[in-house]
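Remarks on the overall topology
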Amino acid sequence: IWACSVIAFALSPSFRASWAGAPLLDIPPWIGWAVGLVGLFGMMGAQASMGRSFRVGQDDAREDAGDPDLVTTGIYAYSRNPIYLFSFLYIAAITSWTPCALAILPALATGALMHRLVLCEEAYMVDRLGAEYDAYRSRVRRYL
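Below: a short report on this structure. Everything numeric in this text was worked out from a predicted model, so none of it was measured. (Residues numbered from 1 in each chain as written. Predicted model: local features only at pLDDT ≥ 70, side-chain atom pairs only at ≥ 80, totals over all residues. Heavy atoms only, no water.)

A few points about the packing of helix α4 (residues 82–97) against helix α5 (residues 101–129)
Put simply, the rule is: In this description, a line fitted to the C-alpha atoms serves as the axis of each element, helices being fitted only across the stretch in contact, and the angle between N-to-C directions of two axes falls anywhere from 0 to 180 degrees. Under the scheme used here, helices are H or I runs from DSSP no shorter than 4 residues and strands are E runs no shorter than 2 residues, and both carry numbers assigned from the N terminus. Should an angle lie under 35 degrees it is considered roughly parallel, over 145 roughly antiparallel, and from 65 to 115 roughly perpendicular; all remaining angles are considered oblique. The contact definition used throughout considers only heavy atoms, calling two residues in contact when any of these lie within 4.5 Å. Charged means Asp, Glu, Lys or Arg here, nonpolar means Ala, Val, Leu, Ile, Met, Phe, Trp, Tyr, Cys or Pro, and polar covers whatever is left, Gly included.
At a closest axis distance of 10 Å, the pairing of α4 and α5 adopts a crossing angle of 175 degrees. With respect to their mutual orientation, α4 and α5 come out roughly antiparallel. Contacts from Y84, S87, F88, I91 and T95 in α4 reach A103, I104, A107, T110, G111, M114, L117, V118 and E121 in α5. For the contact of α4 with α5, a count of residues per class yields nine nonpolar, four polar and one charged.

Below you can see the structure in the form of structure tokens.
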């Protein structure tokens with residue numbers, strides 16, 4: 001729904017004129033570009049700074065999975081989940097280009113689902129790293 005509304009908003013004047021595509025906010029495009037670039041480059045930087053600890057998912061079945069190394073330096077000294085933080089900034093930026101209900105509501109739902117994923121990953125890290133992750137969690141905020 002989100003992607004379709006972004007495309008429809010960009011390509012269809014009749015969609016923009018309809019109740020579903022009517023802009024709810026008046027945001028200058030340059031703000032979306034600026035926030036989008038911060039989100040994109042922040043996300044890539046946060047992934048790169050994880051080095052070999054970067055994983056997708058929580059696969060305990062893999063023999064080489066082992067315990068993940070806890071990265072606590074760089075951006076991770078300020079946020080436990082900068083990849084998700086910057087990802088949501090990127091989604092918000094693109095949504096600001098198409099600020100209609102059919103784009104905003106799915107973007108908010110995506111943010112809620114990403115937060116749920118963060119909670120699952122935190123439980124995984126507590127299970128795998130125990131006191132080391134608890135100490136990190138007490139020093140560094142979840143997002144900002």
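Back to the text.
Concerning the environment of R142
Worth spelling out the cut-off: Only protein chains enter the accessibility calculation, which uses a 1.4 Å probe; a residue is then buried when its area is under 20% of its type maximum, exposed when over 50%, and partly exposed in between.
Summarising the element assignment, R142 is placed in the segment after α6 (131–139). The class for R142 is partly exposed, based on a relative accessible area of 28%. Excluding residues that lie within four positions of it along the chain, R142 makes contacts with S79, R80, N81, H115, V118, L119 and E122.

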